[in-house]
Amino acid sequence: MRKQVLACLLLGALGAQAQEKFVVEGQLKHIPDGTVFSLMKREGNVGSMAATDTLRNGTFRFELTTAGNGLERYDLMAHDRTSFPPMSLSLWVNPGSRLFVQGENPYIYSWKVESDVKEQQFQQQLMQASRKEWEEFQRLSMQEFELMRSAAQGGNKEQARAKADSLQQLTDKLSDQITQHNIALMKQSPVNAVWMDELYRMGMSVKFRKDCPYKEDVQQLYDRLDAAQKETSEGKSVYLALNPPTVVKVGEEAADADMYDLEGKVHHLAEFRGKYVLLDFWSRGCGPCMMSQPELKEISERYKDSLEVVSLSIENRKGWEEASKAHAMTWNNWNDLEETNGLYARYGVRGIPHFVLISPEGKVVDSWSGYAKGWLKLKIKGSMAPKQPMRIEWKDGYKLVHHPRKKTEKMEVLTIRQVELTDSATVLRVHARYIPNYWIRLDKATFLMSDKEVNYPLLRSEGFAIGEQVFMPDSGEMDFTLYFAPLPKDTRWFDFSEGEHVEGGYYIEGIRLTE
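Keep in mind the model is a prediction, meaning the values are calculated, not measured.

**Student:** Looking at this structure, how should I read the packing of helix 9 (residues 287-302) against helix 12 (residues 375-384)?
**Tutor:** How two helices pack is summed up by the angle between their axes together with the distance between the axes. In contact at an axis separation of 9 Å, helix 9 and helix 12 are set at 30° when each is read in the N-to-C sense. As far as their axial angle goes, helix 12 and helix 9 are roughly parallel. Here the hand of the crossing between helix 9 and helix 12 comes out right-handed. The segment helix 9 lies against helix 12, with Glu 295, Leu 296, Glu 298, Ile 299 and Arg 302 engaging Trp 375, Leu 376, Lys 377 and Ile 380. Residue composition of the contact of helix 9 with helix 12, grouped by class: 5 nonpolar, no polar and 4 charged.

**Student:** Where do I start with the packing of aromatic side chains in this structure?
**Tutor:** For any pair of aromatic rings, the description consists of the separation of the ring centres together with the inter-plane angle of the planes. Within this structure, the stated rule accounts for 16 aromatic pairs. For the ring pair Phe 37 and Phe 60, a centre distance of 5.3 Å and an interplane angle of 35° mean the geometry is tilted. Within this pair, whereas Phe 37 is found in strand 2 (residues 36-43), its partner Phe 60 is found in strand 4 (residues 59-65), the two being separated by 23 residues in sequence. A single burial state applies to Phe 37 and to Phe 60, both of which are buried. Pairing Trp 375 with Tyr 434 gives two aromatic rings, centres 5.2 Å apart and planes at 65°, and the pair type is edge-to-face. Residue Trp 375 is found in helix 12, and its partner Tyr 434 is found in the loop between strand 19 (426-433) and strand 20 (439-440); the two are separated by 59 residues along the sequence. Accessibility expressed as a relative area gives 11% for Trp 375, which makes it buried. Its relative accessible area of 22% is what places Tyr 434 among the partly exposed residues. Every member of this aromatic cluster is reached through a ring pair, and the members are Phe 37, Phe 60, Phe 62, Phe 84 and Trp 111. The ring of Trp 368 has Lys 379 sitting right over it, with the charged end atom 4.5 Å from the ring centre. Positioned above the aromatic ring of Tyr 483 is the side chain of Arg 460, whose terminal nitrogen or guanidinium carbon lies 3.8 Å from the ring centre.

**Student:** Can you help me understand the side chain of Asp 366 in this one?
**Tutor:** Tracing the backbone shows Asp 366 in strand 15 (residues 364-369). A polar contact of 2.9 Å, which involves the side chain of Asp 366, links it to the side chain of Lys 379.

**Student:** Even after reading the chapter, I still don't get the pattern of salt bridges, so can you show me in this structure?
**Tutor:** When their charged atoms lie close together, side chains carrying opposite charge are able to pair. Evaluation of the coordinates by the stated rule reveals 39 salt bridges. The residue Arg 284 makes a salt bridge to Glu 43 at a minimum N-O spacing of 4.0 Å. With Arg 284 in the loop between strand 11 (276-282) and helix 9 and Glu 43 in strand 2, this pair connects stretches of sequence that are 241 residues apart. Here Arg 441 ties to Asp 443 by a salt bridge, and the two come within 3.6 Å at their closest N and O atoms. We classify Arg 441 as partly exposed; its relative accessible area is 33%.

Reading the values: rules and limits
- Residues numbered from 1 in each chain as written.
- Predicted model: local features only at pLDDT ≥ 70, side-chain atom pairs only at ≥ 80, totals over all residues.
- Heavy atoms only, no water.
- Axes fitted to C-alpha atoms, helices over the stretch in contact; angles between N-to-C directions.
- Helix = DSSP H or I, 4+ residues; strand = E, 2+ residues; numbered from the N terminus.
- Parallel < 35°, antiparallel > 145°, perpendicular 65-115°, else oblique.
- Left-handed = near helix turned anticlockwise from the far one by under 90°.
- Contact = heavy atoms within 4.5 Å.
- Nonpolar A, V, L, I, M, F, W, Y, C, P; charged D, E, K, R; others polar.
- Phe/Tyr/Trp six-rings, centres within 6.5 Å; stacked < 30°, edge-to-face > 60°.
- Buried < 20%, exposed > 50% of the residue type's maximum accessible area, 1.4 Å probe, protein only.
- Lys NZ or Arg CZ within 6 Å of the ring centre and 35° of its normal.
- Polar contact = N/O pair within 3.5 Å; in protein donor to acceptor, adjacent residues only side chain to side chain.
- Salt bridge = Lys/Arg side-chain N within 4 Å of Asp/Glu carboxyl O.

As far as function goes, none of this settles anything; it's purely spatial.
Here it is as structure tokens:
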């Protein structure tokens, strides 16, 4: 906390003459007194709490000081998640600005804002063009949120998911209508920060949505940008959405780039050739990223002779420097200063924390998102363990394949250590590695598919209850045996699958039975 205070004092000393207060006042109807509102300051892709106020006699008020003399963005949010949509109201301020917010319903994103800031005025133009659609969008979003909340508290999950999917289709349709209204307005409006923010939102739809219906419009809007606007973070993101980079895959040469430490020295991943590299994409606004840091420190110390941890911030320079003061790292703390447009895009990252393990030869070994305590250490342990050579032997006339190779070389939760081919069964001796005390499950419909595309069903198991949640021990590792209908003796390889009906089910491709 002291470090954060000192940082704030330093900013105050450097920009004392430029700072000036701004005021946000609100007048609401049909919203109960006692409702708590927060004002979150947005810097890059991170938001931080700036202030809170409680609604009294239908009014709230914020009086804050700007960090400098330029445009700043804040988000107004309600703490009551059950009575408001999971959205916020964007507020754009300059030093000395006064904003007046009016609302007569819980649909906070479409509340009216009076302001002399041109960006806020344009925000209101966009909203006015689609106010009915936005209010309906928020109403449906509240219904969807309530459905999932009820399901999480013990309701019918399948029924809730079906209803939520139906609502999602309606909100998608509304979103398209809103986007078309915005495109028409943006084509005849000058470019400003709100214009760029909306173009970025459209760009993300192009990036993540198959057959996006307004890709050509986004291209036309992007072509309006001047050179400086195209070099902004938003401009680069839209360009990459329209022109996707080649994403590095497991087994391919790792992508590299100029990366900077806090002193400004340039670094490259190639510096660590001959060692493993664990690349960690992070941001201070990501809770799991912060939770993973003690484990990253432990890994960096335990494997210091054979592995380097490189934490790569996706924040801008200012945010990265502030975060590094509050979260000091004893390992490599770098930034390519491209936010989500550099290595983040080259590795196909869609959410953080995201980890990429690179071999001593510079090849991508594994790439995954998310964090749970203990899982990171298990992943590293499994990936860095000496690879056992495939070996075939015959025992009592039956073929035994030890450590069979597979087409999918990425480290999986399930590893097949041995295959035994008998007349009565194909026996798989399996090693599982997963988050300690978390559960894994295998569907009863699990099967093997031979190289002739014939399926062979699961018969029984030992050491694992099929179709049930099986919790991993404290070690995060366990062994069990699976028995399947016998594969033909001339089978060269087979696939292991839970079937397409299991969302996110286990699938191991190309398990070899011959050299």
